[in-house]
Amino acid sequence: MFLLPCSALALLLLICLALEPPPRQPSPSNPAFRLFQREFLLGYLPALAADWLQGPLLFQLLQRRGFLRSQIAALYSCGFASNVAFGLVSGVFVDRLGRKKSCLLSSGLCSVSCLLQLSQDFGALAAGRVLAGLGTSLLFSAFESWYIHEHLERHDFPAEWIPNTFSRVALWNSGLAVAAGLVAELLAEGLALGAVAPFLVAVPFLALSGIFAGKNWDENYGKSRPCSKACGEGLRGLLSDPRALLLGLVQALVDSILLIFAFLWTPVLEPHGIPLGIAFSGFTAASAAGSALFRRGVTGRLRLQPLRLLPGSILLLALALLVLALPMPLPPTVDFLAVLVLQLSCGIYFPTMAFLRHRLERGGDTAGGVRWLRLPFGLGVSLVLPALPWDPAGIGRVCGAAALAALVALGAAGGILGTSQGDEGLRVGDEGLLEGDTGE
């Protein structure tokens, strides 16, 4: 089963290249900005590379250590729960501790987590997953917060230049994700170093990130405010607009489905003999293709609107899960294509969600409220995951339950569409996507 994932990966990469629209505006040529941008990328990209290296073979590593699937699910749950719970207060924590220190802490926590994968003790591995959840939460909050503050406050560069940096981050991140799967496969199977090898290779990348940031970045802090006040403001912002509440519900449901999928994809594909590292690269390429489809569809001749793409992407997600839930053995090609379609739908969903959240906030802050919604769903998945049946029939039932959750999210997305007709603020006009609409 080597040819199938390799062919799919090559095709998806060609699709990405063909669909990627040209930049909306030329890159700034200011030498000081280019130097500052380069310093940020040199500190951030190694940490992203290390994060991706930990994804492809975690399940396989734990399985080869002799753990039961229920035990592996419990270890995954430790990481999920710590990430979701800490995400509720991560913004306030980063602002108080200092964003540079938080970046260094992220690298340190993830490094210890990777080294703990050498252990065969369940408690040590559980601690490693908890640290990984905390470090990942910091990774996706501290680095970008540090950059935005430095860009605007210390260097006084125009805000219009920020998307240039984050579009570069998105492009590099996609490439690193694809490369991580291939490197993991090469290390574990090609060089016969075992499934723990990608985790050990991630440690030097984390060290590079931490050392570079520690030497070259200045410290900055956010506003000091009580955690309860920050969370309360976000929750009030979410409840002030029914559409924002529905959007938060959609995000919480889809995030929970993807938590389940992060555990599920290996048991689905491994029995078919599909190389997991190459499959992982195919997933990330499918997600990148979905994002390219979003940008091409919204800015090209079709002028597709994100309000309609949101339910469309969730419907695609539900259909992929329903295929995986069919109560019959499926050919390897069908299972693999269903997983690729699921990832393609995610590639469309994430920029669509970013666009709608950006437009609905309109100067407010609903992110804290969304974290409140994610908390019960994420913790619920973490508690239930170890108790679920993981035989083939059980996996089908889990996929069926996830498909039902996707259909509930589809209903909420339909509610947003129905209550937003005529709202020009949620439409992409003739000028195309505006700066910050998709987080790039």
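Caption draft 1: Structural context of the pattern of salt bridges. Scanning the entire structure with this criterion turns up six salt bridges. Ionic pairing is found between Arg-154 and Glu-150, a salt bridge with its closest N-O pair at 2.7 Å. Within this pair, Arg-154 and its partner Glu-150 are both found in helix α7 (residues 122-154), separated by four residues, close to a single helical turn. Since its relative accessible area comes to 2%, Glu-150 is described here as buried. Here Asp-255 makes a salt bridge to Arg-374, at a shortest N to O gap of 2.9 Å. Of this pair, Asp-255 sits in helix α11 (residues 242-269) while Arg-374 sits in helix α15 (residues 367-384); the two residues are 119 residues apart in sequence, bridging distant segments of the chain. Classification of Asp-255 by relative accessible area gives buried; the value is 16%. Salt bridges sharing common partners tie together Glu-150, Arg-154 and Asp-218.

Caption draft 2: Broad picture of the layout of surface pockets. By volume, the second largest pocket amounts to about 420 Å³. Top contributing element to the lining of the second largest pocket by residue count: helix α16 (residues 392-419), with five residues. Split by residue class, the lining of the second largest pocket holds 13 nonpolar, two polar and four charged.

Caption draft 3: The arrangement of the packing of helix α5 (residues 90-97) against helix α6 (residues 99-116) in detail. Axis separation between α5 and α6 bottoms out at 6 Å; the angle between their running directions is 115 degrees. Of the residues in α6, those in contact with Phe-93, Val-94, Asp-95 and Leu-97 of α5 are Arg-99, Lys-101, Ser-102 and Leu-105. Broken down by class, the residue content of the contact of α5 with α6 amounts to four nonpolar, one polar and three charged.

Caption draft 4: Representation of the environment of Gly-300. Within the fold, Gly-300 resides in the loop between α12 (276-299) and α13 (306-324). A C-alpha to C-alpha distance of 43 Å links Gly-300 and Ala-195, two positions 105 residues apart in sequence.

Caption draft 5: Representation of helix α8 (residues 162-190) within the structure. Taking 1.5 Å of rise per residue, the 29 residues of α8 would be expected to cover 42 Å, and the 40 Å separating its terminal C-alpha atoms lies within 8% of that figure. After α8 finishes, the residue Ala-192 shows a positive phi value of roughly 55 degrees.

Caption draft 6: Region of interest: the side chain of Ser-82. For Ser-82, the location among the structural elements is in helix α4 (residues 69-87). Beyond its immediate stretch of four places on either side in the chain, Ser-82 contacts Arg-129, Val-130, Gly-133 and Leu-134.

Caption draft 7: Representation of a nonpolar patch on the surface in the model. Nonpolar side chains collect at one region of the surface, where Phe-93, Leu-97 and Leu-105 lie side by side and expose about 200 Å² of accessible area between them. Topologically, Phe-93 is positioned in helix α5. Phe-93 gets classed as partly exposed once you look at its relative accessible area, which sits at 32%.

Caption draft 8: Region of the structure containing α5. Here α5 has its buried residues at Ser-90, Val-92, Val-94 and Asp-95. The first or second residue beyond α5 is Gly-98, which carries a positive phi of 115 degrees.

Cut-offs applied
Residues numbered from 1 in each chain as written. Predicted model: local features only at pLDDT ≥ 70, side-chain atom pairs only at ≥ 80, totals over all residues. Heavy atoms only, no water. Salt bridge = Lys/Arg side-chain N within 4 Å of Asp/Glu carboxyl O. Helix = DSSP H or I, 4+ residues; strand = E, 2+ residues; numbered from the N terminus. Buried < 20%, exposed > 50% of the residue type's maximum accessible area, 1.4 Å probe, protein only. 1 Å grid on protein atoms, 1.4 Å probe; cavity = no way out; pocket = protein on both sides within 12 Å on 5 of 7 lines; lining within 4 Å. Points joined across faces, edges and corners; volume = space filled by probe spheres on them. Nonpolar A, V, L, I, M, F, W, Y, C, P; charged D, E, K, R; others polar. Axes fitted to C-alpha atoms, helices over the stretch in contact; angles between N-to-C directions. Contact = heavy atoms within 4.5 Å. Expected span 1.5 Å × (residues − 1). Patch = residues over 30% accessible without salt bridge, like charges linked within 9 Å, V, L, I, M, F, W, Y side chains within 5 Å. Areas by Shrake-Rupley, 256 points an atom, 1.4 Å probe, with all protein chains shown as cover.

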